[in-house]
Amino acid sequence: MSGARRLVRDIAHARAGDKGNTSNVCVWAYNAADYPLLKEILTADRIRRAYPDLIRGSVERYEIEHLHGLNFVMREAVEGGVNASLNLDSHGKSWSYLILALPIELE
Amino acid sequence: MGTDAAFRIGTGAGFSADRLDPAIDLAQCGELDVMIIECLGERTLAFAHRDRKLDPTKGYNALLERRMRALLPVCREKGTVIITNMGAANPRAAAERTVAIARELGLAGMKIACVEGDEVTDLLEPDTPLMDEPGILGDISLPTVGANAYLGADAILPSLHAGADVVIGGRIADPSLAVAPLAYRFGWPPDDWKRLGAGTLVGHLLECGMQVTGGYFADPGHKDVPDLAYCGFPIAEVQQDGCAIITKLAKAGGCVTPATVKEQLLYEVHDPHSYLTPDVTADFSDVAVEPVGPDRVQVSNAFGRKRPERLKVTVGFEGGFLGEAGLSYAGANAQGRARLAADILEERMRNVHCVQGPIRIDLVGVNSLFASAGEKPSDTEDVRLRVAIRSPNREDAELMLWEVESLLCCGPAGGGGFRGTIVPSVVTRSVLIERERVRPTATMLVA
């Protein structure tokens, strides 16, 4: 598909978890060679700016260099948490796919 | 328990509703020293407290009966010790039920240990500060259903020393279910932080069951998992130093790869340098993940520092009711009809019934799970209107269901497939408690 924008999903996989109203998504580059690019494009600030109505608090990023992974800890990001959210996905299990949907090329 | 160099721990459940048949396979064929059955989350525990209030003989995992009936005979035959938090809000009733099942199955002499002391409601003061948020416990103006401290490996160890075949507790921290038998088997001192950190890594990788063997992972064409319908539960082959190989039964579906292990490594972990449990401050930041064979991944190099001085406590409160209802629209202009239905619903709930509280309306198929993350155009012609409400009053939820159902005749054209449910809700908060104030107990029951 010529012209199709490359997405984070094309170079990485991810998993979401929740604790209270905090969501964490860990993102792993499939190939070590793509890790520097992943690190460059997926900053904590970009994640926060991409979904400001969902992520109401801070975003911290932890780097696991040797395993080519990034862990994003997003506060106030589960619509109140599993016991308060009215979202069908009250755990935010699908949040990993929000990160994977971001384009690689910065606009 | 086995005397080989590697100590074999398998998972028999990674959450309250987990599958049973792969647990039976693993018990039969896994040559396990220990099977851990992890069935407790914050919500599960709060609901268990509610169950116990309604019936004092209940309040433990609803599948305990089925799990124990299937697993007790095979675990006894194989010499596998079962360690579980299926006791939830009523470990004593769970242990007594297990004894009764063992007797029915002719397993006389089986030793079933009951670990209690995690229920700390009476130890909490209203001025206790909330964890990770401003405010104090007294700010929550809802009836308390129960409060449980996270117990660690030290609560399980006396039962293992006493020769228990089954250890049943309530709010035992998930990784501690694995740390305890490792510390027991290898004689790890209670302040050997490095090895307790390594044991915690093993427990953390095992505690969610199939999440390390291919569950919660598959994405066809991107991340394929073979035979997911028959996915196997994980096995850890653990060495004396805490280094382990994560694997599964060869005949079972699923896969164990560096990718499945890495995703689970940081599942619900925040700072990888500092994963707090009752046993240790574990450090996963330098963990090595290496494939050493088909469906065999070695994990090593976990570290640990001194355990936290205070224990986490989950406090559960009555949370009113959650009502959910849906109605579907398909075909031409399905989105337009569903949006009209949404507008009618909103109008009538607010202005006819004067319901003030939170109501959420989604168009499933257009934008629902990601509705708060942003709008996205869709050309779907198959849409489900989905309405959710939380309220302290059941009546508000009943009104909402009634209004959605009335849309069948009173709303836009071609709406069908009404379903609605109302379930009781719970609210949880976390606080910290001084470790010394929590006194776990162990009682041995014999079948």
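Described below are features of the structure shown in this document. Computed from a predicted model, the values in this text were never measured in an experiment.

1. A short note on the overall build of chain B
Here is step 1 of the chain: Along chain B, the regular secondary structure elements total 10 helices and 18 strands.
Here is step 2 of the chain: Whereas a compact globule of 447 residues would reach a radius of gyration of roughly 22 Å, chain B reaches 24 Å, a difference of no more than 12%.
Here is step 3 of the chain: Projected onto its principal axes, the C-alpha positions of chain B cover 70 × 55 × 45 Å.
Here is step 4 of the chain: Scored against the burial criterion, the 447 residues of chain B give a buried share of 51%.
Here is step 5 of the chain: The contacts of chain B with a sequence gap of at least 6 include a subset with a gap of at least 24, amounting to 75%.

2. Things to note about the packing of helix α9 (residues 334-352) of chain B against helix α10 (residues 394-410) of chain B
Residue and element names in this part refer to chain B.
Here is step 1 of the chain: Where α9 meets α10, the closest approach of the two axes is 10 Å, and the angle between their N-to-C directions is 140 degrees. The orientation of α9 with respect to α10, classified from their angle, is oblique. In this structure, the crossing between α9 and α10 has a hand that is right-handed. On α10, the residues touching Ala341, Ile344, Leu345, Arg348 and Met349 of α9 are Met400, Glu403, Val404 and Leu407.
Here is step 2 of the chain: Residue composition of the contact of α9 with α10, grouped by class: seven nonpolar, no polar and two charged.

3. Thoughts on α9(B)
An α-helical segment advances 3.6 residues per turn. Residues three or four places apart therefore align on the same side.
Residue and element names in this part refer to chain B.
Here is step 1 of the chain: The end-to-end C-alpha separation of α9 is 26 Å, in line with the 27 Å expected for 19 residues at 1.5 Å each.
Here is step 2 of the chain: Buried residues belonging to α9 abut β14 (310-330), β15 (359-364), β16 (382-391) and α10.
Here is step 3 of the chain: Trailing α9 by a residue or two, Cys354 shows a phi angle of about 55 degrees, which is positive.

4. Structural notes on the sheet that holds strand β9 (residues 275-276) of chain B
Residue and element names in this part refer to chain B.
Here is step 1 of the chain: Here three strands make up an open sheet; going across it, the order is β9-β10-β13 and the pairing antiparallel. Looking at strand neighbours, the two that pair on one side only are β9 and β13 (303-305), the edges of this open sheet.
Here is step 2 of the chain: One ladder, built from two bridges, connects β9 with strand β10 (residues 281-283); its direction is antiparallel. Of the residues in β10, the one forming a bridge with Leu276 is Thr281.
Here is step 3 of the chain: Each of β9, β10 and β13 touches helix α7 (residues 193-206); the most contacted strand, β13, lies at about 120 degrees to it.

5. Regarding the pairing of β14(B)
Sheet faces and side chains relate simply in a regular strand, where the side chains alternate between the two faces.
Residue and element names in this part refer to chain B.
Here is step 1 of the chain: Where strand β5 (residues 144-149) and β14 come together, five bridges link them in antiparallel fashion. Residue pairing in the sheet places Asn148 in a bridge with Thr314 of β14.
Here is step 2 of the chain: Pairing analysis gives 10 bridges linking β14 to β16, with the strands arranged antiparallel. Bridging from a neighbouring strand, Ala330 pairs with Asp382 of β16.

6. What to know about the interface of chain B and chain A
In many reports, interface size means the accessible area that the parts give up when they come together.
Here is step 1 of the chain: Contacts between the two partners involve 34 residues from chain B, matched on the other side by 27 residues from chain A.
Here is step 2 of the chain: Those elements that provide at least two residues to the side of chain B that touches chain A are α8 (258-265), β15, β16 and β17 (416-434) of chain B.
Here is step 3 of the chain: Sorting elements by how many residues they give to the side of chain B that touches chain A places β17(B) first, with five residues.
Here is step 4 of the chain: Tallied by class, the residues present in the side of chain B that touches chain A amount to 14 nonpolar, nine polar and 11 charged.

7. Examining the sheet that holds strand β2 (residues 22-29) of chain A
Residues and elements named next belong to chain A.
Here is step 1 of the chain: Read from one edge of the open sheet, four strands run β1-β2-β4-β3, paired in antiparallel fashion. In this open sheet, the two edge strands, each paired with only one partner strand, are β1 (12-19) and β3 (59-64). Strand-to-strand twist across the sheet, computed as the mean angle between neighbouring axes with direction ignored, equals 15 degrees.
Here is step 2 of the chain: By the bridge criterion, six bridges tie β2 to strand β4 (residues 69-74) in an arrangement that is antiparallel.

8. Structural notes on helix α4 (residues 91-104) of chain B
Residue and element names in this part refer to chain B.
Here is step 1 of the chain: Taking 1.5 Å as the rise per residue, α4 with 14 residues should run 20 Å; its terminal C-alpha atoms sit 20 Å apart, in good agreement.
Here is step 2 of the chain: Buried residues of α4: Pro91, Ala93, Ala94, Ala95, Arg97, Thr98, Val99, Ile101 and Ala102, and no others.
Here is step 3 of the chain: Where α4 is buried, its residues meet α3 (64-78), β4 (111-116), β6 (166-168) and β18 (441-446).

9. Regarding the packing of helix α1 (residues 21-29) of chain B against α3(B)
Any two packed helices are characterised by the angle at which their axes cross and by the distance between the axes.
Residue and element names in this part refer to chain B.
Here is step 1 of the chain: Put simply, α1 and α3 touch, their axes get as near as 9 Å, and they point 15 degrees apart. It follows that α1 is roughly parallel to α3 by the angle criterion. Of the two possible hands of crossing, α1 and α3 adopt the one that is left-handed. Facing α1, whose interface residues are Ala23, Ile24, Ala27 and Gln28, α3 presents Ala70, Leu71, Val74, Cys75 and Lys78.
Here is step 2 of the chain: Residues belonging to the contact of α1 with α3 are distributed by class as follows: seven nonpolar, one polar and one charged.

10. Observations concerning the environment of B:Thr80
Here is step 1 of the chain: Structurally, B:Thr80 can be placed in the loop between α3 and β3 (81-84).
Here is step 2 of the chain: Beyond its immediate sequence surroundings of up to four residues, B:Thr80 is in contact with B:Ala27, B:Leu32, B:Asp33, B:Val34, B:Met35 and B:Cys75.

11. Considerations on the environment of B:Gly106
Here is step 1 of the chain: Mapped onto the secondary structure, B:Gly106 falls in the loop between α4 and β4.
Here is step 2 of the chain: Each C-alpha atom of the pair B:Gly106 and B:Leu399 lies 52 Å from the other, and the pair is 293 residues apart in sequence.

12. Observations concerning unusual backbone geometry
Residues and elements named next belong to chain B.
Here is step 1 of the chain: For Asn333, which is not glycine, the phi dihedral falls at a positive 55 degrees.
Here is step 2 of the chain: Inspection of the secondary structure puts Asn333 in the loop between β14 and α9.
Here is step 3 of the chain: Phi at Cys354 is positive, roughly 55 degrees, even though this residue is not glycine.
Here is step 4 of the chain: With respect to the element layout, Cys354 can be found in the loop between α9 and β15.

Cut-offs and rules
Residues numbered from 1 in each chain as written. Chains lettered and ligands numbered in written order. Predicted model: local features only at pLDDT ≥ 70, side-chain atom pairs only at ≥ 80, totals over all residues. Helix = DSSP H or I, 4+ residues; strand = E, 2+ residues; numbered from the N terminus. Rg over C-alpha atoms; globule rule 2.2 N^0.38 Å. Buried ≥ 20, exposed ≤ 12 C-beta atoms within 10 Å, placed from the backbone. Contact = placed C-beta atoms within 7 Å. Axes fitted to C-alpha atoms, helices over the stretch in contact; angles between N-to-C directions. Parallel < 35°, antiparallel > 145°, perpendicular 65-115°, else oblique. Left-handed = near helix turned anticlockwise from the far one by under 90°. Nonpolar A, V, L, I, M, F, W, Y, C, P; charged D, E, K, R; others polar. Expected span 1.5 Å × (residues − 1). Pairing = 2+ DSSP bridges.

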